[in-house]
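Descriptive structure summary
Here's the letter readout for the chains.
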Amino acid sequence: MKLFDPEQFRQKFPLIASYDQTLSVQSDSKIGLIYFDNAATTQKPQQVIDSQQEYYQGYNANVHRASHHLSNKATYAFEKSRSLVQVFIGAQSVKEIIWTKGATESINIVVQSLARNTLKAGDEIVLCASEHHANIVPWQMVAEQTGAVIKIMPLNRQGYIDITKIDTIISDKTKFVSCAHISNVLGRINPIKQIIAKAKSVGAISLIDGAQAVAHLPIDVQALDCDFYVFSAHKMYGPTGIGVLYGKKSLLESMPPYQGGGEMIKTVSFTQGSRYNSLPFKFEAGTPNIAGVIGLGESITFLTPLLNDVAKDYQDYEQKLVAYCYQALSSIEEVQFIREGCPDIAVIAFTLTDHHNHDVATTLDTYGVAIRAGHHCAMPLMAQLKLDGCLRVSLAAYNTTAEIDYFIATLRKILQSDLSPHDDLRVVAGKEQDKTKAGDLTKVLATEMAGIIALFTKTKGWDSRHREIMLLGKKLTRMDKALRNETTIITGCESLAWLKVELTSQGLYLFTADSDAKIIRGLLVIVLAAYNNKTAKQIADFDINSYFKQLGLMQHLSPSRGNGLLAIVDKIRLFATPV
Ligand code: PMP
C-alpha cells in the first residue's frame, strides 16, 4: 500500500510550497507564510486550480442547454463531478446531490423549502450549543416565521454533544435536529450516529453540517442514515462558492423549489404556470458555478485516495500534528484551552491569560503565522464560555512540525515581549532620539495627525505599520473603568471598544476612547487624531478613507469584520452629525 508522504503532499499546493521551510525564529529575515487557518478555508492543490483554468481555457460553455460540442463537454465534466460527490459520500443516487454556494446555502434551502412549510407553532427544532452561525441563524429565522421553538443540546466537559442529555431534549415535539459533525471551534467529532437515530425514533428530520468533517473523515450518508448532509468545497481543498446539499430523494422530492428561474423548470407558460424540473435540477435555478463544480470534482479526486488508500497514514499524520501542537501549547503557561484534551481533528482553540486575542493574532501575522482570532461564528458558544472570542489554530496535512515549532517559539517571544516583539529595537531607537532633539516626538506622533502621517509614510509593509500601531496603542490613556459601560460601548467591533464624546462651548468635539485590544487602541489613536478638536462640519467633511489610504491601512480595515474600526468611525460621525 502506498504511504502518505507529507513532503510530497505539501508540494502539491503552490501557495504553500512557494514559501521557504528553513524557519528560524531568531532570524529577522522575512518569513513567508505559515498557514494555520485551514478550518476557515484550505489551500488549493495545483490540480484543482488547473481543472478550473482548463475549463475556462478549453471548453467554457454553459451546461445542459446548447446542442454544441463545447456545451456537451462542459456538461459531461459538470455531471461527472456530481457522480464523484455521490460516491464520495455514499449517496444512493446522483439525484440526491444538489449544488449550492456552500454549507450555509444548503442549510438555508432545507430551512426555507422544508422547515418553513412544515413547522407549526410549538414544534421544536433541536440544535447544539457549539453550532456555527450558519446552523443557527436560518433556524432562528424559521422559528420566527412559524412560531417553532429552538432547543439546545448541551456539551459535555470534553466538548462533545452530551449524548446522555438527548433523551430529555429530543422528544415527540421535535421536528428537526440539526448539528455539526465536527465543531469548527472544538474540533470534536460529535456522536452524530446516535443523534440521528434518536431524531428518527421521534419522527424528526436530521441535518448534519459536515463543513469541518469532509476533509478529515470518510463520509457514508447511507450508513449514517441522516436526512440531509451539507458541506462546502473550499474546506476540502476545493474552490470557494460551491458546496453540496445531500438529501434523501423522497424528502427532496417532497420539497418545493428554493428559487425560481432557468434550469429548474420543465415548462413555463403564462397561461398554465410552470412545471418544475426533476431532481436535482429543481433546486438549481440559473446558470450554476460550473468552474466551481469542476474544481470540486477535482478536489474529490484529490481527496479520495487520502481518505481511502492511504487513510491511515493521512489521518495518522494529521493526528501527529495536532497532538504535537496541543502538547507544545500546553507547555506555555498563559495558554487556556477552550476544552482540555487533544481534539479529534486539528482544530485547537485557546485563549492566553492577560493577552488579547487580536493583539496576539495580528502580531503573529507580522511573523508570517496566520491563525484566527475572534468568535469563529460561534457567538452562543463564546457566550456560554463567557469569552468574547478565542484563538484558533487549525492545521492541514501540508503543515509540518517545523512550522509548529516556529509558531510556538514566536508565540513565546511575543508573550515575553508584551505583544510588541520589536519594542526592544524601538525603545533603543527612542532613547537615541531622546539624546538628540526629538524627545517629544512620540508625544507629537500620538496626538497629531500630521505626525502620524509622517510616521506611517516612513514605514514599509504591514509588519512595520502593525508595530507602529501597537506602539501608539500603548500611548492611549486608558478610560476610567466606570466609563467603559453600556452607554459608551461600540457595537460592530470584534474587540470590546468604548467611545465617549464631549462638546466644548466652542462647538468642538472631544472624543475619548478605549479598547481591550492594544491593536484597536493604536487604531483609535489614529482615528482620534483625525477627529478630535473639530467641529461637526469638519468631522462630516473629513475624508477618512484618504487618510487611511495615506497611512497604508485601507486593506487592513475590512468593513464587515476585521477590527471594526469603521464601526468606531461611524459612531464618531453619528455623534457629530451637523444640524
Ligand atoms: N458550518 C461549519 C461548522 C463551518 O465551519 C462553516 C464555515 N466556517 C460553515 C458551516 C459555513 O460554511 P460556508 O461559509 O462555506 O457556507
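Residues numbered from 1 in each chain as written. Predicted model: local features only at pLDDT ≥ 70, side-chain atom pairs only at ≥ 80, totals over all residues. Heavy atoms only, no water.

Observations regarding the overall build of the protein chain
Along the backbone of the protein chain there are 23 helices and 17 strands. Over its C-alpha atoms the protein chain spans a radius of gyration of 27 Å, differing by no more than 12% from the 25 Å that the globule rule assigns to 579 residues. For the protein chain, the C-alpha atoms occupy an extent of roughly 80 × 60 × 55 Å along the three principal directions. Within the protein chain, the proportion of its 579 residues that are buried is 55%. (Helix = DSSP H or I, 4+ residues; strand = E, 2+ residues; numbered from the N terminus. Rg over C-alpha atoms; globule rule 2.2 N^0.38 Å. Buried < 20%, exposed > 50% of the residue type's maximum accessible area, 1.4 Å probe, protein only.)

Quick word on the domain arrangement of the protein chain
Per the domain assignment, the segments making up the protein chain are domain 1 (1-49 + 91-258 + 307-421) and domain 2 (426-575). Between domain 1 and domain 2 the total buried area reaches about 1,300 Å² when both faces are included, carbon and sulfur atoms providing 45% of it. Where domain 1 meets domain 2, there are 6 residue pairs in polar contact (both at pLDDT 80 or more). Elements that contribute at least two residues to the side of domain 1 that touches domain 2 include exactly helix H13 (357-366) and strand E14 (372-374). Counting residues per element, the side of domain 1 that touches domain 2 draws most heavily on H13, at 6 residues. Residue classes in the side of domain 1 that touches domain 2 are distributed as 3 nonpolar, 8 polar and 6 charged. (Domains from an automatic or database assignment. Buried area = accessible area lost by both parts, 1.4 Å probe. Polar contact = N/O pair within 3.5 Å; in protein donor to acceptor, adjacent residues only side chain to side chain. Nonpolar A, V, L, I, M, F, W, Y, C, P; charged D, E, K, R; others polar.)

Comments concerning the side chain of histidine 234
Here histidine 234 lies in the loop between strand E7 (228-232) and strand E8 (243-247). On the accessibility criterion, histidine 234 (16% relative accessible area) is buried. Of note is the side chain of histidine 234, whose polar atom sits 3.4 Å from the backbone oxygen of alanine 40.

Brief notes about the nonpolar core
Ranked by internal contacts, the top residues of the largest apolar core, which has 114 residues, are Phe9, Ile89, Met153, Tyr229, Leu329, Phe350 and Phe407. Residue contributions to this core peak at 10 residues, all from helix H11 (residues 290-307). Residues in contact with phenylalanine 350, not counting those within four places in the same chain, are Leu329, Val335, Gln336, Phe337, Ile338, Cys390, Leu391, Val393 and Phe407. With 42 residues, the next largest nonpolar core counts Ile453, Ile469, Tyr509 and Leu565 among its residues. (Core = buried A, V, L, I, M, F, W, Y, C linked by side-chain atoms within 4.5 Å. Contact = heavy atoms within 4.5 Å.)

Notes on the state of the cysteines
Overall, the coordinates contain 0 disulfides when judged by the stated rule. Counting only cysteine sulfurs, cysteine 325 is the nearest neighbor of cysteine 342, a cysteine outside any disulfide, at a range of 9.0 Å. Among the cysteines around cysteine 390, which has no disulfide bond, cysteine 377 carries the closest sulfur, lying 12 Å off. (Disulfide = S-S within 2.5 Å.)

Considerations on a positive patch on the surface
Taken together, the side chains of Lys95, Lys249, Lys266 and Arg275 make up a positively charged region of the molecular surface. In this fold, arginine 275 is placed in strand E10 (residues 273-276). (Patch = residues over 30% accessible without salt bridge, like charges linked within 9 Å, V, L, I, M, F, W, Y side chains within 5 Å. Areas by Shrake-Rupley, 256 points an atom, 1.4 Å probe, with all protein chains shown as cover. Salt bridge = Lys/Arg side-chain N within 4 Å of Asp/Glu carboxyl O. Lys, Arg positive; Asp, Glu negative; His and termini not counted. Charge placed at Lys NZ, Arg CZ, Asp CG, Glu CD.)

Considerations on the pattern of salt bridges
Under the counting rule described, the total for this entry stands at 15 salt bridges. Ionic pairing is found between arginine 82 and glutamate 79, a salt bridge with its closest N-O pair at 2.8 Å. Here the residue arginine 82 and the residue glutamate 79 both occupy positions in helix H4 (residues 69-89), the gap between them amounting to 3 residues, near one helical turn. Residue arginine 82 is classed as buried on the basis of its relative accessible area, which comes to 1%. A salt bridge links arginine 82 to glutamate 284; the shortest N-O distance between them is 2.7 Å. Taken together, the residues arginine 82 in helix H4 and glutamate 284 in the loop between E10 and H11 connect sequence positions 202 residues apart. Taken together, the salt bridges that share partners define one network made up of Lys200, Asp225, Asp227 and Lys248.

A closer look at the packing of aromatic side chains
Inspection of every chain in the model, using the stated rule, returns 24 aromatic pairs. Measuring from centroid to centroid gives 4.2 Å for tyrosine 326 and phenylalanine 337, while their planes differ by 25°, and the two rings are stacked. Remark: phenylalanine 337 occurs in strand E11 (residues 335-337) and tyrosine 326 occurs in helix H12 (residues 311-330); sequence separation between them is 11 residues. In terms of burial, tyrosine 326 and phenylalanine 337 fall into one category: buried. Among the aromatic residues, those joined into a ring-pair cluster are Phe4, Phe9, Phe13, Tyr237, Phe302, Tyr314, Tyr317 and Tyr398. Seen from the ring of tryptophan 498, arginine 484 lies directly overhead, with NZ or CZ sitting 5.5 Å from the centre. (Phe/Tyr/Trp six-rings, centres within 6.5 Å; stacked < 30°, edge-to-face > 60°. Lys NZ or Arg CZ within 6 Å of the ring centre and 35° of its normal.)

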